[in-house]
Amino acid sequence: MIRIAHRNLFTLVLAFVTFAGFLNETTACERCLEAGIIMEEWHQAAAASPATPLIASHGELRHEAADDLHFFESREVVQRYRSINLDDRTKGSGWIKENDHMILNLFDDVEHEMHVQRAKVNVNGTFTITGVLPDDEGYMIMSTTGSRSLGSIFLPAEQKYYKIISDPVSFTHYLIEMDAGDRDIIESGPPLIPEINEQDIREQERIKNQLKEQDLGPDDLATIGVMVVYTPRAENWAHNNGSGINNVIASAMANAQLVLDNSQVLMVATLVHSDLVSYQESGSSTVDLVRLTASPDYNPWGSSFQGNAVPGFMEDVHFWRDQYRADLTAIFAEVSDTGGLAWLLTDRFGNPNRAFSLTRVQQATGYTHIHEMGHNMGLHHHADQNFQPGPTNWSNWPDNKWSAGWRWLGSNNVRYVSVMSYSGGQYYADGQNATQVPYFSNPQIMHMGAPTGNSERGDNARTLLEIKHVIANYRPMGNPSVVTAEAKDITATTAVSGGFIDDLDGLEVHARGIVWNRTGNPTLNDNEGMTTDGAGIGDFESEMTDLMPSSNYHLRAYAMTDEGVIHGTFQLFSTLVAYEPSVSTIRASDVTQATAMAGGNISYDGNATVTQRGVVWSTEPNPTIQRNMGRTSEGPGEGQFVSKL
């Protein structure tokens with residue numbers, strides 16, 4: 001859609017800037033002048049400040065949970081709370097960006113500066129901000145879907161936890177303070193150890209062949225596709241207690257990515273799909289996980305497991321997994337027998353058929369989801385635990401004795417554990433409780449002045465660096481020899497991508513480019529847009545135009561050969577929200593009977609590409625592109641420009 005942003009220079013109507021000029025004093029003729037820019041799309045909004053506050057306004061401070069928190073299950077642990085209005089700029093993409101700074105203005109005596117580490121819109125349209133406080137002080141995750149937001153601010157050293165939730169009826173948001181130890185978290189169950197069968201071996205051979213073609217190592221980025229399904233009870237719990245299931249899922253994925261980023265393993269965990277499954281929890285999370293894992297094509301348990309029927313419960317999940325190319329799959333369920341449960345990977349060549357986990361939805365917004373994902377990727381608990389200790393007992397990786405969590409004492413005299421370690425003192429000989437922080441064990445990474453791992457006994461990050469490309473090939477997102485570049489320079493209507501085409505076994509590449517759409521799995525025959533960017537192997541860059549603002553796009557590179565079209569790996573990106581641009585008109589000068597000099601200034605493009613700028617004029621008020629006596633065109637872009645009338 002093409003629209004024009006205006007500033008009237010003739011009258012004071014709508015508080016527009018005014019200008020009145022007589023080109024000839026004897027003609028009694030007034031000429032109205034207006035600067036304008038043609039935009040792809042716009043919407044009124046104010047520009048983001050350098051340091052955006054999290055909260056726009058606070059309600060009355062209260063110390064005892066009252067009826068207004070009727071929907072919150074853990075009212076008894078609330079220390080103080082208040083209703084709040086979040087700053088609008090924190091609730092949608094386009095304002096807050098990576099590397100921005102925010103102010104966490106929580107209570108009168110609690111305020112922190114925060115660096116934005118990630119700000120992303122996922123496939124469900126949920127916008128999530130991940131922030132880190134300086135000097136390992138804490139972390140924030142804030143997810144917004146529609147009118148509801150879900151936030152958590154965790155300050156490990158202070159043992160403080162702040163939660164932002166919303167009333168499921170009124171959508172009123174509340175800020176709650178509690179001790180971190182009072183969160184509703186129970187330890188995960190022992191990971192399940194799979195037995196490898198012939199089907200698993202065939203899958204491993206497929207993965208080995210794919211890895212031979214890719215030539216990837218620890219220093220190469222790996223993208224792991226994750227699918228999350230949820231039960232009706234989990235959805236209902238999230239609606240009442242977690243500001244909606246999409247916010248719960250987004251927060252769980254953001255915490256997973258925070259752990260990966262902090263551990264410096266060069267991995268991206270991408271939500272490729274989420275969906276409701278018509279399944280009622282059995283009362284046994286082990287049975288639920290087995291039923292999730294079993295499919296029409298893979299069912300080593302037969303008709304029953306521990307006296308419970310197995311096949312036919314969640315077959316749609318496996319169809320979705322293949323459709324959306326999910327390497328790992330998790331189910332969020334409302335359970336009480338465990339915090340989470342997963343199959344433990346014990347074969348260095350992978351086990352796609354057992355890449356499933358279960359997470360208790362009541363604690364999904366913490367580190368349980370990434371803990372269970374860790375088991376799926378071969379990571380284990382601390383070796384000194386008295387219950388289910390690590391390291392992983394690899395069937396074909398005898399040298400690996402380091403796949404275990406870690407525990408350390410910080411310079412502030414607080415004891416910490418990595419996400420794969422149990423935190424309760426009852427699991428260790430010294431009886432000391434510890435605080436779990438978002439790190440996989442890694443001796444190269446420091447937290448509060450101490451290493452977060454040990455090179456011999458606790459280095460789960462090393463295992464990930466070695467095995468991540470195996471996991472990423474469970475359901476590879478396209479041909480790995482055609483690599484799609486991550487989108488960059490994203491605006492509301494444009495973006496830049498491209499790709500790299502490796503040697504395709506001698507095939508000649510006649511044409512190459514990218515394809516995209518908003519529905520998934522774009523191809524050369526099914527897309528909303530495409531580019532053609534030369535021929536041959538190697539790197540190329542592509543420009544996408546005519547995109548829709550505030551939209552999620554699926555993107556793939558392609559290579560056209562004599563043997564057909566080869567589509568590459570998948571990428572996801574989201575266009576920015578389009579806002580009203582900031583346009584002003586420069587006062588006319590050098591006025592004669594027939595000419596004048598004027599111009600304008602575009603100080604803010606509203607996240608959309610300025611395709612054309614100039615001035616329009618008329619003897620009538622309110623000249624526009626459609627209604628004028630003349631217009632100029634001074635090219636694209638922001639900044640000042642000069643026009644001759």
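In this text the structure is predicted, and so the values were computed from the model without any measurement.

Parameters and conventions
Residues numbered from 1 in each chain as written. Predicted model: local features only at pLDDT ≥ 70, side-chain atom pairs only at ≥ 80, totals over all residues. Heavy atoms only, no water. Phe/Tyr/Trp six-rings, centres within 6.5 Å; stacked < 30°, edge-to-face > 60°. Helix = DSSP H or I, 4+ residues; strand = E, 2+ residues; numbered from the N terminus. Buried < 20%, exposed > 50% of the residue type's maximum accessible area, 1.4 Å probe, protein only. Lys NZ or Arg CZ within 6 Å of the ring centre and 35° of its normal. Patch = residues over 30% accessible without salt bridge, like charges linked within 9 Å, V, L, I, M, F, W, Y side chains within 5 Å. Areas by Shrake-Rupley, 256 points an atom, 1.4 Å probe, with all protein chains shown as cover. Salt bridge = Lys/Arg side-chain N within 4 Å of Asp/Glu carboxyl O. Lys, Arg positive; Asp, Glu negative; His and termini not counted. Charge placed at Lys NZ, Arg CZ, Asp CG, Glu CD. Axes fitted to C-alpha atoms, helices over the stretch in contact; angles between N-to-C directions. Parallel < 35°, antiparallel > 145°, perpendicular 65-115°, else oblique. Left-handed = near helix turned anticlockwise from the far one by under 90°. Contact = heavy atoms within 4.5 Å. Nonpolar A, V, L, I, M, F, W, Y, C, P; charged D, E, K, R; others polar. Core = buried A, V, L, I, M, F, W, Y, C linked by side-chain atoms within 4.5 Å. Pairing = 2+ DSSP bridges. Polar contact = N/O pair within 3.5 Å; in protein donor to acceptor, adjacent residues only side chain to side chain.

(A) The packing of aromatic side chains, seen in detail. Taken as a whole and assessed by the stated rule, the structure comprises 13 aromatic pairs. Aromatic pair Tyr-553 and Phe-573: ring centres 5.6 Å apart, planes at 15°, arrangement stacked. Taken as a pair, Tyr-553 in strand β30 (residues 552–561) and Phe-573 in strand β31 (residues 564–574) lie far apart in primary sequence, 20 residues in all. Overall, Tyr-553 belongs to the buried group, its relative accessible area being 2%. Overall, the relative accessible area of 7% leaves Phe-573 in the buried class. Among the aromatic residues, ring-to-ring pairing joins Phe-71, Tyr-81 and Tyr-174 into one connected group. Here the basic side chain of Arg-183 rests over the ring of Tyr-161, its NZ or CZ set 5.1 Å away from the ring centre. It is Arg-348 that lies over the ring of Trp-397; its NZ or CZ is 4.4 Å from the centre.

(B) Just a negative patch on the surface, in detail. A cluster of acidic residues, Glu-213, Asp-215, Asp-219, Asp-220, Asp-502, Asp-503, Asp-505, Glu-508, Asp-562 and Glu-563, forms a negative patch at the surface. With respect to the helices, strands and loops of the structure, Glu-508 is situated in the loop between β26 (495–501) and β27 (509–517).

(C) Structural detail: the packing of helix α3 (residues 245–263) against helix α6 (residues 368–376). At their nearest, the axes of α3 and α6 sit 8 Å apart, and the two run at 60° to each other. Taken as axis vectors, α3 and α6 run oblique relative to one another. The two elements α3 and α6 cross, and the hand of that crossing is right-handed. Each of Ala-252, Met-253, Ala-256 and Val-259 in α3 lies in contact with α6, whose residues at this interface are His-369, Ile-370 and Met-373. In the contact of α3 with α6, the residues fall into six nonpolar, one polar and no charged.

(D) Focus on the nonpolar core. Ranked by size, the top nonpolar core spans 71 residues in total, and within it Phe-332 and Phe-440 carry the most contacts. By residue number, the principal contributor to this core is α3, which donates nine residues. If near-sequence neighbours (up to four positions away) are discounted, Phe-332 is found in contact with Val-228, Val-229, Tyr-230, Thr-231, Ala-234, Val-248, Ile-249, Ala-252, Thr-359, Val-361, Ala-364 and His-369. Met-227, Leu-292, Ala-326 and Ile-331 belong to the second largest nonpolar core, which has 27 residues in total.

(E) Structural view of the sheet that holds strand β29 (residues 538–544). A sheet is described by the order of its strands in space; here three strands give the open sequence β25-β26-β29, paired in antiparallel fashion. Lying at the two open borders of the sheet, with one neighbouring strand each, are β25 (482–484) and β29. Across this sheet, the average inter-strand angle for adjacent strands is 20°, counted without regard to direction. With seven bridges connecting them, β26 and β29 associate as antiparallel partners. Looking at the pairing, Ile-501 lines up with Gly-538 of β29.

(F) Focus on unusual backbone geometry. Look at the link from Gly-390 to Pro-391: it is a cis peptide, with omega at 0°. Within the fold, Pro-391 resides in the loop between α6 and β20 (407–409). Unlike most non-glycine residues, Gln-264 shows phi in positive territory, near 55°. The residue Gln-264 is located in the loop between α3 and β14 (267–276) in this model. Since its relative accessible area comes to 55%, Gln-264 is described here as exposed. Its identity as a non-glycine residue notwithstanding, Leu-266 has a phi of 55°, on the positive side. With respect to the helices, strands and loops of the structure, Leu-266 is situated in the loop between α3 and β14.

(G) Expanded view of the sheet that holds strand β18 (residues 340–342). Within the open sheet, the five strands sit side by side as β14-β13-β17-β19-β18. Their pairing is mixed. A strand with exactly one partner marks an edge of an open sheet, and here the two such strands are β14 and β18. In this sheet, adjacent strand axes meet at a mean angle of 20° when their direction is disregarded. Note: β18 against strand β19 (residues 356–360), three bridges, orientation antiparallel. Counted as the bridge partner of Gly-340 is Thr-359 from β19. Across the sheet, helix α7 (residues 460–472) touches β13 (222–230), β14 and β17 (328–333), and the angle it forms with β13 is around 65°.

(H) Representation of the environment of His-567. Tracing the sequence through the fold places His-567 in strand β31. Separated by 493 residues in sequence, His-567 and Ser-74 have C-alpha atoms that sit 49 Å apart. Polar side-chain contacts of His-567 include one of 3.0 Å to the backbone nitrogen of Leu-524.

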